[in-house]
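Secondary and tertiary structure notes
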Amino acid sequence: MNVSSSRALPVAAAALTGTVALYMALVAFGNITDFGTNQQFVRHVLAMDTTFKDDDLMWRAVESTALQDAAYVAIIVWETVAALVLIVATVLWAKALRHRAGHRSARRLGTAGLLMVLLLFGAGFIGVGGEWFAMWQSEDWNGLDAATRVVTLAGLVLIVTHLPGAQAEEKPR
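Before going into details, it helps to say that this report is about the structure given with it. (Residues numbered from 1 in each chain as written. Predicted model: local features only at pLDDT ≥ 70, side-chain atom pairs only at ≥ 80, totals over all residues. Heavy atoms only, no water.)

Quick look at the overall build of the protein chain
As a reminder, the rule being used: Helix and strand definitions follow DSSP, with helices as H or I runs of at least four residues and strands as E runs of at least two, each counted in order from the N terminus. Whether a residue is buried, partly exposed or exposed follows from its accessible area with a 1.4 Å probe, protein chains only, as a fraction of its type maximum: under 20%, in between, or over 50%, in that order. Contacts are assigned to residue pairs with any non-hydrogen atoms lying within 4.5 Å of each other. Here the Shrake-Rupley method, with its probe set to 1.4 Å, supplies the accessible areas, and only the displayed protein chains count as covering residues. For the purpose of charge, His is not counted, nor are the chain termini; Lys and Arg are scored as positive and Asp and Glu as negative. Every charge is mapped to an atom, namely NZ of Lys, CZ of Arg, CG of Asp or CD of Glu.
A count of helices and strands for the protein chain gives six helices and zero strands. Secondary structure elements of the protein chain, listed N to C terminal, follow the sequence α-α-α-α-α-α. Reported as C-alpha extents along the three principal axes, the dimensions of the protein chain are approximately 65 × 25 × 20 Å. Across the 173 residues in the protein chain, those meeting the buried criterion constitute 39%. In the protein chain, 78% of the contacts between residues at least 6 apart in sequence involve partners at least 24 apart. Surface summary for the protein chain: the accessible area is close to 9500 Å², and the carbon and sulfur share equals 67%. Positive and negative charge centroids in the protein chain, built from 13 and 14 side chains respectively, lie 25 Å apart.

Points about empty space enclosed by the protein
Cut-off, in case you're wondering: The way it works is a 1 Å grid over only the protein atoms, where trapped points that fit a 1.4 Å probe form a cavity and open points with protein on both sides within 12 Å along at least five of seven lines form a pocket, and then any residue with an atom within 4 Å of a point lines it. Grid points are joined across faces, edges and corners, and a volume is the space filled by probe spheres set on the points. When residue character is reported, Ala, Val, Leu, Ile, Met, Phe, Trp, Tyr, Cys and Pro are called nonpolar, Asp, Glu, Lys and Arg charged, and the others, Gly included, polar.
One pass over the structure, following the stated rule, counts one cavity of 30 Å³ or more. Roughly 30 Å³ of volume is contained in the largest cavity. The wall of the largest cavity is formed by His44, Val45, Met48, Thr50, Thr51, Phe133, Met135, Ser138 and Trp141. Taken together, the residues that form the lining of the largest cavity break down as five nonpolar, four polar and no charged.

Observations regarding a nonpolar patch on the surface
Put simply, the test is: Note on patches: the residues involved have over 30% relative accessible area and no salt bridge, like charges join within 9 Å, and the nonpolar side chains Val, Leu, Ile, Met, Phe, Trp and Tyr join within 5 Å. Salt bridges, as used here, are contacts in which a Lys or Arg side-chain nitrogen is within 4 Å of a carboxyl oxygen on Asp or Glu.
The grouping of Phe35, Val73, Val77 and Val81 at the surface amounts to a nonpolar patch, some 290 Å² of accessible area in total. In terms of residue count, helix α4 (residues 65–99) provides more of the nonpolar patch than any other element does, three residues in total. Looking at where valine 73 falls in the secondary structure, it is placed in helix α4.

Quick notes on the packing of α4 against helix α5 (residues 103–132)
A packed helix pair is summarised by two numbers, namely the angle formed by the two axes and the spacing between the axes. We count it as follows: Interaxial angles span 0 to 180 degrees and are taken between N-to-C directions of axes, which are lines fitted to C-alpha atoms, for helices over the stretch in contact. Angle categories are assigned with fixed cut-offs, so that under 35 degrees is roughly parallel, over 145 is roughly antiparallel, 65 to 115 is roughly perpendicular, and the rest are oblique. Handedness of a helix crossing follows the sense of rotation of the near helix relative to the far helix, less than a right angle counterclockwise being left-handed and clockwise being right-handed.
Across the interface, α4 lies against α5 with an axial gap of 8 Å and an inter-helix angle of 155 degrees. As the angle between them shows, α4 and α5 are arranged roughly antiparallel. Like other packed secondary-structure pairs, α4 and α5 cross with a definite hand, here left-handed. In the contact of α4 with α5, the residues fall into 21 nonpolar, four polar and two charged.

Side note on unusual backbone geometry
Here methionine 48, not a glycine, exhibits a phi torsion of approximately 55 degrees, which is positive. Within the fold, methionine 48 resides in the loop between α2 (35–47) and α3 (55–58). Phi is positive for lysine 53, close to 60 degrees, though the residue is something other than glycine. Topologically, lysine 53 is positioned in the loop between α2 and α3. When its relative accessible area of 42% is taken as the criterion, lysine 53 is described as partly exposed.

Here we look at the packing of α2 against α4
Axis separation between α2 and α4 bottoms out at 9 Å; the angle between their running directions is 125 degrees. The angle between α2 and α4 places the two elements in the oblique class. Of the two possible hands of crossing, α2 and α4 adopt the one that is right-handed. Counting all contacts with α2, which are made through Phe35, Asn38, Gln39, Val42, Arg43, Leu46 and Ala47, the residues of α4 involved are Thr65, Gln68, Asp69, Ala71, Tyr72, Val73, Ile75 and Ile76. Of the residues assigned to the contact of α2 with α4, the class counts are nine nonpolar, four polar and two charged.

What to know about the side chain of glutamine 68
Using the following cut-off: By the criterion applied in these results, polar contacts are pairs of N or O atoms within 3.5 Å in which, for protein atoms, one can donate a hydrogen and the other can accept it, and in which residues neighboring in sequence qualify only through two side-chain atoms.
You can see glutamine 68 is positioned in helix α4. Of the polar contacts made by the side chain of glutamine 68, one reaches the backbone oxygen of valine 62; its length is 2.7 Å. Discounting chain neighbours no more than four positions away, the residues touching glutamine 68 are Val42, Arg43, Leu46, Ala47, Val62 and Glu63.

As structure tokens, then:
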């Protein structure tokens, strides 16, 4: 195997991890600097006030603005931590590419950050928001398409980082 093909997957893993890191950093930054926009989104989803208002489901609604806001702050904290973990993972990937060592650490930290993204957007937004709080029923406050795009991106990046060639051979010590 030549040098360029043996480094192709680690380069791809680094670039893709960096892409998700950038995305998550921008999401967190946007939610911090424009707190009110997505605060309203979270409030409407949790209140279930734009769903079909089926009595069999409405008992799930969270109408306390304090609890809604606490959930939103928790989301922002999770996004921020995920972004930071992925940024550090991207730096580790870059160092590993330069020194041909450290791929395992980059992969391990990248995996943790990507799993954080998958848990937030998959379990949190698609599972809890989409199904438990019936977000899919809302024409105005439905984030399922956006969440699905993020889950797809993060999932693909996770797969690429775990392909056998993504952990390049490290030079002997």
